[in-house]
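# Chain and residue survey
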Amino acid sequence: MKKNSDKYITIGFFVVLFGIFILYPLNFILQHKGIIMNNFTNSYNLKSGNSIDDKIYNLKNKVETLTTNYFPLANQINIYYRGLKNDTNRFLYALTGHDFTYLGTNSDKEYIYQNIDSNYYIVQNNLSNTELEMRFNKLLDLYNEIGVLKDTTIFLPNRYEFQRLLDKNMQIVDMSTYLSAFKSKLNPNISLLELNVNEENYQDLFYHTDHHWNAYGAEAGYEIIMSSLGKTPLPLEVKTIEDIKYHGSIAKSGGNIKNYDYLTYLDNADLLKPSVMLTNELDTHFKPLEVTKRKEIFYDYYVSFFDGMYPYVYYSNPREKENLLIIGDSYSWQLDYILANSFKKTITLNPRYIEKIDYKKFLEKEQIDKVLILMETQTTLFDQYNYGIVEKLGGK
């Protein structure tokens with residue numbers, strides 16, 4: 001009986017060895033030579049939700065979740081497996097002249113790449129060109145309509161993937177063309193602001209392992225926004241939580257535990273703490289700006305620290321005169337409470353969580369003076385994560 005057991009263990013070992021050292025590199029080389037094709041071609045359409053591909057993908061996620069939660073050591077095994085795969089990828093992609101190595105997809109089916117020299121991450125849009133154009137035009141019309149009614153500012157963080165073609169050896173869509181079209185077609189009365197990123201300062205402004213900007217990027221964005229809104233920016237200090245290693249959402253998707261960040265935030269000893277209303281009640285515990293160390297390697301400290309997963313957040317600061325509406329996703333969480341120091345009433349409206357409203361009636365009812373749109377660039381341009389921005393705001 002033991003001989004048979006040893007036999008199966010030996011066979012299993014050689015199957016794994018064969019797959020890692022022969023089949024995987026062979027498959028990579030065939031793809032690189034164009035003999036077989038990778039599915040990086042930006043042809044997936046998210047509106048097809050009931051396709052066989054979607055069902056298989058959803059089933060795969062359920063199996064992975066169940067395995068991670070109930071199978072002993074599954075998470076650790078998975079992390080080390082993906083680490084081995086990532087190291088193999090890095091070697092092969094560098095060997096064949098690439099600047100970035102491919103790590104797989106995240107929960108939103110975006111393709112994840114890691115810079116081979118500097119280790120930072122980028123994500124690649126997975127929507128078809130037809131879908132991109134349709135979403136782009138609908139959102140552009142909505143912003144132009146809002147710009148007619150109110151003093152409107154749009155801020156685009158512009159991560160590195162929107163700056164230039166990333167890797168001439170890979171099939172990556174140049175998103176900067178959409179950015180140029182947006183600038184040319186936007187209502188000239190709307191102030192369009194950008195956090196321009198280049199290779200030299202990218203790592204200073206964004207987390208290495210997460211898709212958000214860090215406090216340095218938020219501070220740069222804050223100063224640009226305040227100038228556009230006609231306000232004097234408050235002096236702020238970047239603070240770092242150094243006792244916790246933060247493995248962000250992109251690192252989680254790529255299974256990388258080697259790289260990490262320290263969570264950062266903006267503060268000022270004289271910063272007012274405007275009163276906050278969530279739904280219909282005042283909440284004194286909102287935005288705790290503190291974290292407790294957790295055992296989970298990929299625990300999302302950003303979410304727990306800034307605590308912004310609400311449809312609406314109302315800030316009140318009677319010392320000021322104007323009212324501000326922020327249409328913002330998680331990028332706005334680092335700044336909304338700071339911006340609220342400079343306005344009488346500040347409302348943060350999160351398209352991901354709100355129900356359908358009529359934006360014209362909302363602007364009138366809340367007596368909004370200025371509108372700030374502050375979301376990830378791909379969300380602002382394409383509603384990348386299917387929040388239904390146009391439909392929920394009552395656009396056409």
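Here we summarise the structure given alongside this text. (Residues numbered from 1 in each chain as written. Predicted model: local features only at pLDDT ≥ 70, side-chain atom pairs only at ≥ 80, totals over all residues. Heavy atoms only, no water.)

### Details of the overall build of the protein chain
Across its full length, the protein chain carries 13 helices and 13 strands. Taking all 396 residues of the protein chain together, 49% fall into the buried category. If you take every contact in the protein chain between residues at least 6 apart in sequence, the share linking residues at least 24 apart comes to 71%. About 20,400 Å² of surface is accessible on the protein chain, with carbon and sulfur atoms providing 54% of the total. (Helix = DSSP H or I, 4+ residues; strand = E, 2+ residues; numbered from the N terminus. Buried < 20%, exposed > 50% of the residue type's maximum accessible area, 1.4 Å probe, protein only. Contact = heavy atoms within 4.5 Å. Areas by Shrake-Rupley, 256 points an atom, 1.4 Å probe, with all protein chains shown as cover.)

### Re the packing of aromatic side chains
In total, this model carries 18 aromatic pairs according to the counting rule given. Arranged with centres 6.1 Å apart and planes meeting at 85°, the rings of Tyr 143 and Phe 182 form a pair that is edge-to-face. Here Tyr 143 is found in helix α4 (residues 129-149), whereas its partner Phe 182 is found in helix α5 (residues 176-185), with 39 residues between them in sequence. According to the relative accessible area criterion, Phe 182 is buried, its value standing at 1%. Seen in terms of ring centroids, Tyr 178 and Phe 382 are 5.1 Å apart; in terms of plane orientation they differ by 90°. Their pairing is edge-to-face. Here the residue Tyr 178 occupies a position in helix α5, and Phe 382 occupies one in helix α12 (residues 377-382), the gap between them amounting to 204 residues. In terms of burial, Tyr 178 and Phe 382 fall into one category: buried. Every member of this aromatic cluster is reached through a ring pair, and the members are Phe 136, Tyr 143, Tyr 178, Phe 182 and Phe 382. (Phe/Tyr/Trp six-rings, centres within 6.5 Å; stacked < 30°, edge-to-face > 60°.)

### Considerations on α4
Taking 1.5 Å as the rise per residue, α4 with 21 residues should run 30 Å; its terminal C-alpha atoms sit 31 Å apart, in good agreement. Residues of α4 that are buried include every one of Glu 131, Leu 132, Arg 135, Phe 136, Leu 139, Leu 140, Leu 142, Tyr 143, Asn 144, Ile 146 and Gly 147, and no others. (Expected span 1.5 Å × (residues − 1).)

### A word on the pattern of salt bridges
Taken as a whole and assessed by the stated rule, the structure comprises eight salt bridges. Put simply, Lys 183 and Glu 194 hold a salt bridge, and the shortest N to O gap is 3.0 Å. Of this pair, Lys 183 sits in helix α5 while Glu 194 sits in strand β5 (residues 191-194); the two residues are eleven residues apart in sequence, bridging distant segments of the chain. Through salt bridges that share partners, Lys 231, Glu 322 and Lys 370 make up one connected network. (Salt bridge = Lys/Arg side-chain N within 4 Å of Asp/Glu carboxyl O.)

### Things to note about the nonpolar core
Counting residues in hydrophobic clusters, the biggest one holds 55 residues, and the most contacted among them are Trp 213, Ile 225, Leu 335 and Leu 339. The element best represented in this core is helix α7 (residues 215-228), accounting for five residues. Discounting residues that sit within four places of it in the chain, Trp 213 has contacts with Phe 155, Pro 157, Leu 195, Leu 205, Phe 206, Tyr 207, Ala 218, Gly 221, Tyr 331, Gln 334, Leu 335 and Leu 374. Counting residues in hydrophobic clusters, the runner-up holds 38 residues, among them Tyr 143, Phe 162, Ile 354 and Phe 362. (Core = buried A, V, L, I, M, F, W, Y, C linked by side-chain atoms within 4.5 Å.)

### A word on the side chain of Asn 350
Mapped onto the elements, Asn 350 comes out in the loop between β12 (345-349) and α11 (359-365). For Asn 350, a relative accessible area of 4% translates into the label buried. Ignoring sequence-local partners within four residues, the contact set of Asn 350 consists of Gly 308, Tyr 310, Pro 311, Gly 328, Asp 329 and Trp 333.

### Re a nonpolar patch on the surface
Together, Tyr 80, Ile 257 and Ile 297 make up an exposed nonpolar region whose accessible area comes to about 300 Å². With respect to the helices, strands and loops of the structure, Tyr 80 is situated in helix α3 (residues 74-95). Using a relative accessible area of 61% as the deciding quantity, one classes Tyr 80 as exposed. (Patch = residues over 30% accessible without salt bridge, like charges linked within 9 Å, V, L, I, M, F, W, Y side chains within 5 Å.)

### Quick look at the sheet that holds strand β1 (residues 100-105)
Strand pairing in a sheet takes place through backbone hydrogen bonds and is either antiparallel or parallel in direction. Taking strand neighbours across the sheet as the criterion, the three strands line up as β1-β2-β3 in an open arrangement whose pairing is antiparallel. The open sheet has two edge strands, β1 and β3 (121-124), and neither has a second partner. Put simply, the sheet's adjacent strands are angled 30° from each other on average, direction ignored. Two strands pair when backbone bridges link them, and β1 and strand β2 (residues 111-115) are joined in this way by five bridges, in the antiparallel orientation. Of the residues in β2, the one forming a bridge with Thr 105 is Tyr 111. (Pairing = 2+ DSSP bridges. Axes fitted to C-alpha atoms, helices over the stretch in contact; angles between N-to-C directions.)

### Overview of the environment of Asp 261
Looking at where Asp 261 falls in the secondary structure, it is placed in strand β7 (residues 261-267). Here the side chain of Asp 261 touches His 208 through a polar contact of 3.0 Å, landing on its backbone nitrogen. (Polar contact = N/O pair within 3.5 Å; in protein donor to acceptor, adjacent residues only side chain to side chain.)

### Describing the environment of Glu 376
Tracing the backbone through its elements, the reader meets Glu 376 in the loop between β13 (370-374) and α12. Distance from Glu 376 to Asn 158, taken between C-alpha atoms, is 7.6 Å for residues 218 residues apart in sequence. What Glu 376 contacts, discounting residues up to four positions off in sequence, is Pro 157, His 211, Asp 329, Tyr 331 and Tyr 385. In terms of polar contacts, Glu 376 uses its side chain to reach the side chain of Gln 378, at 3.1 Å.

### Considering the packing of α4 against α5
Packing of α4 against α5 leaves a shortest axis separation of 11 Å and a crossing angle of 30°. On the basis of the axis angle, α4 is roughly parallel to α5. Remark: the crossing between α4 and α5 carries right-handed chirality. Across the interface between the two elements, Asn 129, Leu 132, Glu 133, Phe 136, Asn 137, Leu 140, Tyr 143 and Asn 144 of α4 pack against Tyr 178, Ala 181, Phe 182 and Lys 185 of α5. Classifying every residue of the contact of α4 with α5 gives seven nonpolar, three polar and two charged. (Parallel < 35°, antiparallel > 145°, perpendicular 65-115°, else oblique. Left-handed = near helix turned anticlockwise from the far one by under 90°. Nonpolar A, V, L, I, M, F, W, Y, C, P; charged D, E, K, R; others polar.)

Nothing here speaks to function; it is geometry throughout.
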